[in-house]
Amino acid sequence: MLTANQPAGRAALARKVLPYALLSPAVLVTLAIVFFPMIQAAWMSLHDYVLWKPKDFPSSG
């Protein structure tokens, strides 16, 4: 059953959610910029990379 307070409740919810909705793209991009190099560095530390020859992998023979 709809009441008179329901539209005001939706407006209040929208006022609470709107800042997070507007900030989320910037936060996601910032996290990607920060965490992608960290994950890549951790991955590279576990492998035998030569930084000046990144495509030259040592033979496993």
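Higher on the page you've got the structure.
Keep in mind it's a predicted model, so treat the numbers as computed, not measured.

(A) Molecular detail of the overall build of the protein chain. Broken down by element type, the protein chain carries one helix and zero strands. Classification of the 61 residues of the protein chain by burial places 0% in the buried group. A total of about 6,000 Å² of accessible surface is found on the protein chain, and carbon and sulfur atoms cover 73% of it.

(B) Representation of a nonpolar patch on the surface within the structure. Together, Leu 23, Val 27, Leu 28, Val 29, Leu 31, Ile 33, Val 34, Phe 35, Met 38 and Ile 39 make up a nonpolar patch on the protein surface, roughly 970 Å² of accessible area in all. Position of Ile 39 relative to the elements: it lies in helix H1 (residues 6-45). For Ile 39, a relative accessible area of 57% gives the class exposed.

Parameters and conventions
- Note that residues are indexed from 1 along each chain, following the sequence as it is written.
- Given that this is a predicted model, residues contribute local features only at a pLDDT of at least 70 and side-chain atom pairs are listed and counted only at 80 or more, while totals for whole chains, interfaces and linings are drawn from all residues.
- Hydrogens and water molecules were not included; the side-chain quantities draw on all heavy atoms of the structure.
- Secondary structure elements follow DSSP: runs of H or I no shorter than four residues count as helices, runs of E no shorter than two count as strands, and numbering proceeds from the N terminus.
- Classification of residues uses two cut-offs on accessible area relative to the type maximum, computed with a 1.4 Å probe and protein chains only: under 20% is buried, over 50% is exposed, and between them is partly exposed.
- Surface accessibility in these figures is a Shrake-Rupley result with a 1.4 Å probe; residues are shielded only by whichever protein chains are displayed.
- Think of a patch as exposed residues, more than 30% relative accessible area, with no salt bridge, where like charges cluster within 9 Å and nonpolar side chains (Val, Leu, Ile, Met, Phe, Trp, Tyr) cluster within 5 Å.
- Each salt bridge in this description consists of a side-chain nitrogen of Lys or Arg and a carboxyl oxygen of Asp or Glu lying within 4 Å of one another.

Keep in mind these numbers describe shape, not what the thing actually does.
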